[in-house]
Amino acid sequence: MGGLLPYEAWCALIDDGHIRRYRPGDTLMRQGEPGGFVLVLVAGLVKVTRDESDGSQLLLAVRGPGEVIGDISALGGGQRSATVTALDHCETTALAAGRFRELIAVHDSIDVLIRHAFGRLREREDRWAEKATLPAGRLVARELLRMAAQSGNATIGPIALNLRLSQDDLARCLGLSRSAVAAELQRLRARGVVSTARRRVVIRDLRRLEALAEHADAWPMTAE
């Protein structure tokens, strides 16, 4: 555990904080609130969303164990830029922002956090570029691969993604209509690449999904 931070820094955050547990649907942090504390995500998945001025809601990311949540506002001050909601049962360790800064400085990990923050920005920019250039099938395939990586699943055998995300959530994340997302998932199911249930996707053929995400002609995506 502690994929983001060096092991010693991760252990220091865990040992110094106090445990907070959340159930699916609970709000861990809310957009616009002061950044007075951070949460170290030990177990579970969360979604990161942002409310826009036009009333719409954007799904920015899904994060898994090893993430530090609220680090940007804790380091830079200011309000939370997004809302974080538990997708399943989550265990976290909470630390006051000041104490978090102290521990990160002691363990010389500020640069690591800054690089990670820039990585998040690049990820977001990549998503915007993909939305503008890629067809729906490749968008859905790439997002499933991202979620598999973020969930910490092994890459041997079927990968179960207990998304607890609605098709509306996925549509908002990808800039697609709900019907387009449903159609692409159906095409993936028909070819044995995934199986689905309520808010659950199992990747049955990871290599084929990777090929589809990268190459438009990996296999036809027209309706059968």
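Residues numbered from 1 in each chain as written. Predicted model: local features only at pLDDT ≥ 70, side-chain atom pairs only at ≥ 80, totals over all residues. Heavy atoms only, no water.

(A) Representation of a nonpolar patch on the surface. Residues Ile110, Ile114, Phe118 and Leu121 make up a contiguous nonpolar surface patch of about 350 Å² in total accessible area. Counting through the fold element by element, Ile110 comes out in helix α4 (residues 110-133). (Patch = residues over 30% accessible without salt bridge, like charges linked within 9 Å, V, L, I, M, F, W, Y side chains within 5 Å. Areas by Shrake-Rupley, 256 points an atom, 1.4 Å probe, with all protein chains shown as cover. Salt bridge = Lys/Arg side-chain N within 4 Å of Asp/Glu carboxyl O. Helix = DSSP H or I, 4+ residues; strand = E, 2+ residues; numbered from the N terminus.)

(B) Layout of the nonpolar core. Grouped together as the largest cluster of nonpolar side chains are 28 residues, with contacts concentrated most on Leu144, Leu165, Leu188 and Leu209. When contributions to this core are tallied by element, the ones reaching two or more residues are β5 (57-63), α5 (136-150), α6 (167-174), α7 (178-190), β11 (200-203) and α8 (206-214). Looking at this core, the element that brings in the most residues is α5, giving seven residues. With 17 residues, the next largest nonpolar core counts Leu5, Trp10, Val68 and Ala97 among its residues. (Core = buried A, V, L, I, M, F, W, Y, C linked by side-chain atoms within 4.5 Å. Buried < 20%, exposed > 50% of the residue type's maximum accessible area, 1.4 Å probe, protein only.)

(C) Quick peek at helix α3 (residues 97-106). Among all positions in α3, only Ala97, Phe100, Leu103 and Ile104 are buried. Down the axis of α3, the sector holding all buried residues measures 125°, keeping them to one side. Along its buried surface, α3 packs onto α1 (7-16), β3 (37-43), β6 (68-69), α2 (71-76), β8 (90-96) and α4. Within two residues after α3, Asp108 carries a phi angle of roughly 50°, on the positive side. (Arc of directions from axis to C-beta. Contact = heavy atoms within 4.5 Å.)

(D) Spotlight on the sheet that holds β5. Within the open sheet, the four strands sit side by side as β2-β7-β4-β5. Their pairing is antiparallel. In this open sheet, the two edge strands, each paired with only one partner strand, are β2 (27-29) and β5. Going across the sheet, the axis of each strand differs from the next one's by a mean of 30°, ignoring polarity. Relative to strand β7 (residues 83-86), strand β4 (residues 46-51) is paired through four bridges, and the arrangement is antiparallel. Across the sheet, Val46 pairs through a bridge with Ala86, a residue of β7. This element, α4, spans β4 and β5 of the sheet and lies at about 125° to β5. (Pairing = 2+ DSSP bridges. Axes fitted to C-alpha atoms, helices over the stretch in contact; angles between N-to-C directions.)

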